[in-house]
Amino acid sequence: MKKKYASVGLNYDLICERYPDVGEYEDTVNAYLADEFFRDLEVMLEEEDYAMAKDAVKGLYILASQLCLFPLYEGLLEVYEDLEFEMYADVMGHYREMMDRYHRIRGIFHA
């Protein structure tokens, strides 16, 4: 189990400290990873609906932090910073990097 988590940059010991029931934790993470905002975010960015994208990303990065999904949190934070500081030329590249992290993490949770 520890190697599975480490393979995507997650700290198993920290997760177990915060969430002693790993099965329940994984169910919660699966529900989080199924959030429609992950899927809808690309459309928001392509349609330049930056205000909605910023709100969606903020909610996603707060939850990623609470769930100790720090590689995903960092990726979401990069997207948020692009939106916050109106660096729209960088946002799609950071979005793709974040989604790569998302898919790797989602893969170990079988969501």
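Up top you'll find the structure we're talking about.
Everything in this summary refers to the structure shown in the same document. Owing to the predicted nature of the structure, the values given are computational and were not obtained by experimental measurement.

### What to know about the nonpolar core
Part 1 of the argument: Grouped together as the largest cluster of nonpolar side chains are 38 residues, with contacts concentrated most on Tyr32, Leu69, Leu72, Leu76, Met98 and Phe109.
Part 2 of the argument: Those elements giving two or more residues to this core turn out to be α2 (12-18), α3 (22-33), α4 (36-46), α5 (50-66), α6 (70-84) and α7 (88-109).
Part 3 of the argument: Looking at this core element by element, the count peaks at nine residues for α7.
Part 4 of the argument: Residue contacts for Tyr32: discarding those within four places in its chain leaves Phe38, Leu60, Leu63, Ala64, Leu67, Leu69, Leu72 and Leu76.

### Overview of a negative patch on the surface
Part 1 of the argument: A surface patch of negative charge is lined by Glu42, Glu46, Glu47 and Asp49.
Part 2 of the argument: You can see Glu46 is positioned in helix α4.

### With respect to the packing of α6 against α7
Packed helices, taken two at a time, are described by their axes: the angle between them and the distance between them.
Part 1 of the argument: In the contact formed by α6 and α7, the axes pass within 8 Å of each other and the chain directions differ by 165°. Overall, the two elements α6 and α7 adopt an arrangement that is roughly antiparallel. In this structure, the crossing between α6 and α7 has a hand that is left-handed. Here Pro71, Leu72, Glu74, Gly75, Leu76, Glu78, Val79, Asp82 and Leu83 of α6 come into contact with α7, specifically with Tyr88, Asp90, Val91, His94, Tyr95, Glu97, Met98, Arg101, Tyr102 and Ile105.
Part 2 of the argument: Considered class by class, the residues forming the contact of α6 with α7 number 11 nonpolar, two polar and six charged.

Rules used in this analysis
- Residues numbered from 1 in each chain as written.
- Predicted model: local features only at pLDDT ≥ 70, side-chain atom pairs only at ≥ 80, totals over all residues.
- Heavy atoms only, no water.
- Core = buried A, V, L, I, M, F, W, Y, C linked by side-chain atoms within 4.5 Å.
- Buried < 20%, exposed > 50% of the residue type's maximum accessible area, 1.4 Å probe, protein only.
- Helix = DSSP H or I, 4+ residues; strand = E, 2+ residues; numbered from the N terminus.
- Contact = heavy atoms within 4.5 Å.
- Patch = residues over 30% accessible without salt bridge, like charges linked within 9 Å, V, L, I, M, F, W, Y side chains within 5 Å.
- Areas by Shrake-Rupley, 256 points an atom, 1.4 Å probe, with all protein chains shown as cover.
- Salt bridge = Lys/Arg side-chain N within 4 Å of Asp/Glu carboxyl O.
- Lys, Arg positive; Asp, Glu negative; His and termini not counted.
- Charge placed at Lys NZ, Arg CZ, Asp CG, Glu CD.
- Axes fitted to C-alpha atoms, helices over the stretch in contact; angles between N-to-C directions.
- Parallel < 35°, antiparallel > 145°, perpendicular 65-115°, else oblique.
- Left-handed = near helix turned anticlockwise from the far one by under 90°.
- Nonpolar A, V, L, I, M, F, W, Y, C, P; charged D, E, K, R; others polar.

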